[in-house]
Every structure is written in structure tokens, then in C-alpha cells.
2 protein chains.
Amino acid sequence: MREPTVVAEPGLPEAVTIWEVGPRDGLQNESAIVPVEAKAEFVERLVAAGLPVVEATSFVHPKWVPQLADAAELVQRLGPDGRRHPVLVPNERGLQRAIDLGCEHVAIFGSATDTFAQRNLNSSVEEQFAMFEPTVTRARSEGMDVRAYVSMCFGDPWEGDVPVEQVVAVGTRLLDLGASQLSLGDTIGVGTAGHVTALLDAFNAAGVPDDVLAVHFHDTYGQALANAGAALRHGVRTFDSSAGGLGGCPYAESATGNLATEDLVWMLHGLGVGTGVDLEALVATSVWMAEVLGRPSPSRVVAALAG
Amino acid sequence: MREPTVVAEPGLPEAVTIWEVGPRDGLQNESAIVPVEAKAEFVERLVAAGLPVVEATSFVHPKWVPQLADAAELVQRLGPDGRRHPVLVPNERGLQRAIDLGCEHVAIFGSATDTFAQRNLNSSVEEQFAMFEPTVTRARSEGMDVRAYVSMCFGDPWEGDVPVEQVVAVGTRLLDLGASQLSLGDTIGVGTAGHVTALLDAFNAAGVPDDVLAVHFHDTYGQALANAGAALRHGVRTFDSSAGGLGGCPYAESATGNLATEDLVWMLHGLGVGTGVDLEALVATSVWMAEVLGRPSPSRVVAALAG
């Protein structure tokens with residue numbers, strides 16, 4: 001299978017971490033329920049393809065995301081290794097389910113804007129901290145690692161522009177609660193590269209270094225990979241992406257697919273930046289999942305290499 | 001309609017030139033013949049949307065590209081302004097047709113690799129210069145401006161890696177013949193950002209400055225916009241793209257769509273780089289052309305804004 005020509009770019013790291021979100025963020029939008037056996041196979045194949053972190057599922061209430069009603073069953077099916085995979089927990093009740101299963105890593109899902117906080121969390125930006133505080137405190141007391149997503153960092157479908165200061169204020173509060181990493185999400189995919197650099201600069205100025213930050217781009221306006229490049233050059237070393245470009249956000253209009261892991265891997269390997277990913281195995285996994293879902297993968301690399 | 005949040009990036013220019021190739025490179029692959037009236041409307045709407053250069057058609061033999069058999073009729077339909085639009089000429093015979101119509105700008109289509117030169121030009125890389133020499137000389141003597149495309153600059157479907165030295169050798173020969181601008185094409189879309197920088201560095205080292213260079217990216221592996229960003233930061237000021245992401249290459253397997261003009265405009269405007277393009281008018285044009293062609297535009301921005 002074709003591999004990218006490697007032309008290393010000065011100043012880039014030898015390797016970065018891809019935080020694979022396909023099984024959670026990718027599948028949560030699917031209206032047809034994917035069997036738990038297929039989800040377990042998806043996670044296992046992604047691990048076998050070399051993805052170092054695979055976010056497996058979310059302990060959200062099944063009423064909100066029926067697709068992930070099998071979260072506990074999935075973690076159990078994954079066996080002892082299943083506990084290593086991060087899982088999303090919306091609140092203390094979700095956290096308790098994760099604790100009962102022995103999960104070691106959890107993630108919470110905050111919002112940089114009031115409108116999205118209202119729609120997704122039924123709270124204001126300010127109120128979300130009170131909601132997350134006991135969850136993060138409990139998780140930390142159980143020895144769990146906590147990642148905090150910050151959504152709508154580059155724009156909001158209802159509020160339009162989102163000032164970087166507002167995002168930094170939310171992010172630092174979540175770190176103060178005890179999160180060890182922030183994933184800065186462009187939930188509706190509107191951001192461009194200079195905006196990425198400006199937001200990272202603002203976090204740095206507030207005392208938050210790039211190694212505490214991850215970026216999570218959606219390709220709604222075609223900007224995801226260019227923005228990942230800007231974050232990479234700035235110093236970010238953790239990149240969220242979704243195998244085959246699956247996913248979106250059920251609560252935000254016009255939020256389409258996540259950055260495809262294959263397209264990200266193609267760029268990184270071309271730049272001489274290691275990921276540990278076996279691209280051929282990953283493409284085969286996405287081709288298989290596309291068959292499970294009954295439609296072609298939106299990843300350009302998958303389309304090019306699977307043809 | 002939503003516009004990108006502008007966050008200017010230091011060191012970038014106030015404005016760049018988009019060289020719109022939709023009517024030529026975009027449509028040449030279409031198997032169903034598009035009526036000449038629709039092509040003329042396409043060009044006129046692109047001009048009205050603010051695109052400063054619209055490559056209109058190609059005077060290639062209709063046997064090879066039946067879609068463009070109406071080249072002369074299209075130029076005539078466009079009236080006096082039609083002569084300003086660049087047209088592709090494969091050889092002296094094509095050039096004569098362009099001269100007869102009063103065209104002021106022509107483009108030739110060279111290859112960086114032997115295999116593609118054989119398939120596309122029925123010549124070797126070396127033989128192509130002898131073929132182009134009388135065409136360029138005649139065009140220049142008629143006062144025409146000549147652009148030279150160089151295809152397969154970042155990889156070749158048959159030869160694999162293409163060394164930057166080989167591309168520079170071909171490009172400088174085409175400039176020596178009398179071309180005023182090179183358009184460096186990633187015909188199969190495999191290149192990554194560090195490769196773009198390395199190729200531009202190699203041209204500079206050979207005495208060819210960025211202002212003589214344009215870049216022409218295809219999105220086959222999802223890299224087109226990230227690569228355009230690398231070229232922009234390096235100093236390139238002319239970017240080829242295709243409205244709605246139409247197009248590909250009929251002679252190269254796995255060559256899919258051009259970089260979508262809308263996705264490029266979104267990035268540039270977000271970075272504070274002017275293009276003169278009215279994004280709303282451009283998106284409306286691509287939506288209309290998608291209806292003419294009977295299938296949705298592959299541009300992410302068109303999909304997001306037309307929904």
C-alpha cells in the first residue's frame with residue numbers, strides 16, 4: 001500500500017499521541033444501533049493498528065444517546081484491557097458506573113459557551129463547574145485520570161464568534177478542578193489556523209503549557225487538518241481524531257465529521273512525525289466499519305487507499 | 001451567511017490571487033457533456049463572485065477530452081472579456097486556435113515524470129521541452145502570457161517518490177523556454193506540508209522566487225488545504241483551486257478532486273488574507289453547478305453553507 005513520501009520539517013517532534021475517538025464520538029451520532037460485538041471489534045482493531053489511546057464509550061444516559069446504552073457491556077467485553085480505555089462521564093452517576101467497572105481514565109465534556117452549555121448540559125457556563133466539581137473530585141480520589149473536553153472553542157452556531165479569553169477562562173477552571181488535560185474542540189469546524197495559534201498562545205499566557213492541551217477538530221469547513229498542522233507547529237502533542245472520519249455532534253447543527261485519523265496519520269508520517277499507527281491496518285478497520293454502517297468512509301485517505 | 005472569524009496570522013500578505021480552474025480542470029473529467037451555455041454561465045458567475053483569474057477551457061483535441069470540444073464556442077460566447085481568460089494549449093495547433101480567437105493568456109501542461117509524460121504527452125520528460133519550445137516561442141511572439149503547469153511534482157502513481165531536484169530541473173527548463181509562471185501540481189494529492197516547503201526551497205535555491213510559482217493541490221489524501229497553508233507561509237501568492245472542488249485528472253488513477261475554492265477562501269479569509277471573493281456568491285455558483293452536474297459538491301464549505 002502507498003505510504004507518504006517522508007520530508008521532515010524542522011522543529012517538529014519525533015512522535016505525537018493520537019487520541020482515537022471513533023468508537024465514542026464517531027459512533028454516538030449513528031441512528032442505527034451498532035451491535036456491541038462490532039463496537040468491541042472496532043476498539044480491538046484500533047488498538048491492534050497501533051492507536052495508543054482509544055476512547056471507548058460514554059456513560060451518558062441512554063435516553064440522550066441510545067447508541068451508547070451498551071457502554072458497560074462494551075467495557076466488560078473488552079476484558080482487563082478495557083479498563084485502560086478512557087470513557088466519557090457526564091456526571092457523578094456516570095462516573096459511578098465507570099468506577100464499578102474499574103475504568104482508569106474518564107473524560108468530562110464542558111462547554112465554552114452558554115448556549116451550548118444550556119443545550120448539552122442544561123446549565124450555564126458558570127453552573128457547569130459546580131456540576132463537574134464533585135465528579136472530578138471523586139474520580140481523582142479513586143486514582144483516575146480526568147480529561148476535560150471544552151466544546152465550541154472556535155465558534156458557536158448560536159453565539160457566533162467565541163473570544164479566546166472566554167475559552168481560556170473555562171479551560172483553566174476545569175484544570176483547577178483537577179483535570180489533567182484539556183481537549184480544545186472546534187465542535188462546528190469553523191476555526192482557521194491563525195485562530196488555533198492565538199488560542200494556544202492565550203492558554204500559554206495564562207500559564208497552561210501546550211503539553212496539557214489536546215486539539216479536537218471537525219472538518220465541517222475543511223479546515224481540520226490545516227488546523228492540526230498549526231497546533232503541531234505550536235507545540236501541541238495530542239491530537240483527537242476519528243477512524244474513517246466518523247462522527248459529529250448530536251446537539252450542534254451543521255457539526256459534521258471529525259478529523260479522520262487516516263488523513264492525520266498521512267500528514268504526520270509525511271512530516272516525519274511518528275504515531276505508532278499501521279496505516280494499512282487502520283484503513284482496513286475503517287473499510288470494515290464502513291461496511292458495518294452501510295456507507296462509505298468520509299476519510300479521503302480511506303477512499304484513496306481502499307479503492 | 002456565516003463568515004469565518006478573522007484572526008490574522010503574523011507574516012502573511014494582505015491578499016493573494018486565486019487562479020480558478022473549475023471550468024477547465026474541474027469540468028474536463030465529466031463524462032456527461034455540460035452544455036456550452038452552462039459553461040459560459042459558470043465562468044461569468046465565477047468572475048462576478050470576484051475570482052480574479054478564471055481558466056476557461058483547453059484547446060486539446062476533442063478526441064482526448066470530448067467535454068472541452070466546445071472550447072472555441074465558449075471563448076466566443078464569453079465576448080470581448082473572454083479573451084482575458086487563460087486557456088490551456090497542448091501544442092502549436094491548440095495555440096493557433098487560441099490566437100485566432102484573440103486569447104491573451106495560455107497555459108501549457110508539462111510533466112515532472114517520464115511515465116506521466118508518456119501517458120499524457122506521448123513523450124519523455126526530455127522530449128516535452130522540444131514539443132513545448134515552438135508553442136511557447138510563438139505565444140510569446142504574439143504577446144501572450146504563458147503559464148506552465150508541472151504535474152506530478154509530489155509523487156507519481158507509477159514511479160512513486162519524485163525527487164525535488166527532478167521537479168526543479170523540469171520547472172526551470174519551462175521558465176527558460178519563456179513561461180512566466182509555474183503551477184506546481186500535486187496531481188495525485190499525496191504530498192504533505194514539509195514536502196511543499198522543501199520543493200519551494202529547492203526552487204528558490206535554483207534562483208526561482210516564490211512570486212513566479214503557483215501551487216495546485218488535489219485533495220486525494222485530504223492534504224490540499226494544509227499544503228496550501230504551507231505554501232502561503234513560504235511566500236507563494238498564487239493558488240489554484242476549483243469551485244466546489246470539482247475535478248481530477250483523466251490520465252492519473254486515484255486523482256480525485258481539486259482543492260475546493262470555497263475551502264481555500266474560508267481559510268484565507270479566516271487568516272485575514274484577502275482574495276476579493278464573495279463567498280456567498282461563490283457558494284451559490286457551486287450549488288448551481290452541482291445541480292447542473294446532478295450530484296453534490298465535494299467542497300466541505302459548500303456542504304456546510306448550502307445546507
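Above this text you will find the structure in question.
The model shown is predicted, which means the values in this text are computed figures rather than measured ones.

So, the overall build of chain A
Along chain A, the regular secondary structure elements total twelve helices and nine strands. Relative to its length of 307 residues, chain A is compact, with a C-alpha radius of gyration of 18 Å against a globular reference of 19 Å. Taking the principal axes of the C-alpha coordinates as reference, chain A spans close to 50 × 40 × 35 Å. Looking at chain A as a whole, 63% of its 307 residues are labelled buried. By sequence separation, contacts in chain A at least 24 residues apart represent 75% of the contacts at least 6 residues apart. Surface summary for chain A: the accessible area is close to 10700 Å², and the carbon and sulfur share equals 50%. The average position of the 19 basic charges and that of the 39 acidic charges among the side chains of chain A differ by 5 Å.

Quick word on the sheet that holds strand β2 (residues 53–54) of chain B
Residue and element names in this part refer to chain B. With parallel pairing, nine strands are arranged side by side in an open sheet as β2-β1-β9-β8-β7-β6-β5-β4-β3. Two strands in the sheet have a free side with no partner beyond their single neighbour: β2 and β3 (57–58). In terms of strand pairing, strand β7 (residues 181–186) meets strand β8 (residues 213–217) through five bridges, oriented parallel. Counted as the bridge partner of Leu 184 is Val 215 from β8.

Observations regarding the packing of aromatic side chains
Under the criterion given, the structure shown has ten aromatic pairs over all chains. Taking the centre distance of 6.0 Å and the plane angle of 50° together, the rings of Phe154(B) and Phe217(B) count as tilted. Taken as a pair, Phe154(B) in the loop between β6 (145–151) and α7 (164–177) and Phe217(B) in strand β8 lie far apart in primary sequence, 63 residues in all. Comparing Phe154(B) with Phe217(B) shows no difference in burial state: the two are buried. Taking NZ or CZ as reference, Arg173(A) lies 4.1 Å from the ring centre of Phe129(A), over its face. Over the aromatic face of Tyr149(B) sits the side chain of Arg24(B), whose NZ or CZ is 5.1 Å from the ring centroid.

Focus on the pattern of salt bridges
Tallying each qualifying case throughout the model produces 24 salt bridges over all chains. With a shortest N-O distance of 3.7 Å, Arg24(B) and Asp25(B) are connected by a salt bridge. For the pair Arg24(B) and Asp25(B), one class covers both residues: buried. For Arg295(B), the salt bridge goes to Glu30(B), with nearest N and O atoms at 2.5 Å. With a gap of 265 residues between them, Arg295(B) in the loop between α11 (279–293) and α12 (300–306) and Glu30(B) in the loop between α1 (22–26) and α2 (36–48) connect regions that are remote in the sequence. Salt bridges here are not isolated pairs; linked through shared partners, they connect Arg24(A), Asp25(A) and Glu55(A).

Considering the interface of chain A and chain B
Counting residues at the interface gives 35 residues for chain A, matched by 35 residues for chain B. Between chain A and chain B, a total of about 3000 Å² is buried, with carbon and sulfur atoms accounting for 55% of that surface. Interface area lost by chain A to chain B is led by Arg2(A), Tyr221(A) and Arg300(A), which between them contribute 24%. Counting every contact that joins chain A to chain B gives two salt bridges. When the shortest N-O distance is used, the salt bridge between Asp219(B) and Arg300(A) registers 3.0 Å. In this structure, the connection of chain A to chain B is made through ten residue pairs in polar contact (both at pLDDT 80 or more). Split into classes, the residues belonging to the side of chain A that touches chain B amount to 17 nonpolar, ten polar and eight charged.

Looking at the relation of the copies chain A and chain B
When chain A is fitted to chain B, the best match, at an RMSD of 0.0 Å, comes from turning it 180° and sliding it 0.0 Å along the axis. What the superposition gives is, in effect, a two-fold axis relating one chain to the other. It is Ala226(A) whose C-alpha, among those of chain A, lies nearest the rotation axis, at 2.1 Å. Taken together, the interface assignments show that 100% of the residues at the interface of chain A recur at the interface of chain B, consistent with an identical surface on both copies.

Some points on the sheet that holds strand β5 (residues 105–111) of chain A
Residues and elements named next belong to chain A. Within the open sheet, the nine strands sit side by side as β2-β1-β9-β8-β7-β6-β5-β4-β3. Their pairing is parallel. Single-partner strands in this sheet number two, and they are β2 (53–54) and β3 (57–58). Packed onto the sheet, helix α5 (residues 114–121) meets β5 and β6 (145–151) and runs at close to 125° relative to β5.

Examining the pairing of strand β7 (residues 181–186) of chain A
Residues and elements named next belong to chain A. Counted residue by residue, β7 has six buried out of six residues, so it is predominantly covered. The two faces of β7 match: Gln 181, Ser 183 and Gly 185 on one face and Leu 182, Leu 184 and Asp 186 on the other face are all buried. Across four bridges, β6 lies against β7 in parallel orientation. By the bridge assignment, Val 150 is partnered in β7 with Leu 184. Between β7 and its parallel partner strand β8 (residues 213–217), the chain crosses via helix α8 (residues 193–205), and the hand of that crossover is right-handed.

As for the side chain of Ser299(B)
All names here are of chain B. The topology assignment puts Ser 299 in the loop between α11 and α12. A residue is classified by how much of its surface remains accessible, and Ser 299, at 1% relative accessible area, is buried. A polar contact is formed between the side chain of Ser 299 and the backbone nitrogen of Val 302, at a distance of 3.0 Å. Sequence-distant contacts of Ser 299, defined by excluding residues within four places in its chain, comprise Gly 244, Gly 245, Ala 260, Glu 262 and Asp 263.

Notes on the packing of helix α9 (residues 224–234) of chain A against helix α10 (residues 261–270) of chain A
Residue and element names in this part refer to chain A. Closest axis-to-axis distance for the α9/α10 pair is 10 Å, and the angle between their directions is 45°. Relative to α10, the element α9 lies oblique. Of the two possible hands of crossing, α9 and α10 adopt the one that is right-handed. Across the interface between the two elements, Leu 225, Ala 228, Gly 229 and Leu 232 from α9 touch Asp 263, Leu 264, Met 267 and Leu 268 from α10. Considered class by class, the residues forming the contact of α9 with α10 number six nonpolar, one polar and one charged.

Rules used throughout
- Residues numbered from 1 in each chain as written.
- Chains lettered and ligands numbered in written order.
- Predicted model: local features only at pLDDT ≥ 70, side-chain atom pairs only at ≥ 80, totals over all residues.
- Heavy atoms only, no water.
- Helix = DSSP H or I, 4+ residues; strand = E, 2+ residues; numbered from the N terminus.
- Rg over C-alpha atoms; globule rule 2.2 N^0.38 Å.
- Buried < 20%, exposed > 50% of the residue type's maximum accessible area, 1.4 Å probe, protein only.
- Contact = heavy atoms within 4.5 Å.
- Areas by Shrake-Rupley, 256 points an atom, 1.4 Å probe, with all protein chains shown as cover.
- Lys, Arg positive; Asp, Glu negative; His and termini not counted.
- Charge placed at Lys NZ, Arg CZ, Asp CG, Glu CD.
- Pairing = 2+ DSSP bridges.
- Phe/Tyr/Trp six-rings, centres within 6.5 Å; stacked < 30°, edge-to-face > 60°.
- Lys NZ or Arg CZ within 6 Å of the ring centre and 35° of its normal.
- Salt bridge = Lys/Arg side-chain N within 4 Å of Asp/Glu carboxyl O.
- Buried area = accessible area lost by both parts, 1.4 Å probe.
- Polar contact = N/O pair within 3.5 Å; in protein donor to acceptor, adjacent residues only side chain to side chain.
- Nonpolar A, V, L, I, M, F, W, Y, C, P; charged D, E, K, R; others polar.
- Least-squares fit on C-alpha atoms with pLDDT ≥ 70 in both.
- Axes fitted to C-alpha atoms, helices over the stretch in contact; angles between N-to-C directions.
- Right-handed = clockwise from strand over helix to strand, strands pointing away.
- Parallel < 35°, antiparallel > 145°, perpendicular 65-115°, else oblique.
- Left-handed = near helix turned anticlockwise from the far one by under 90°.

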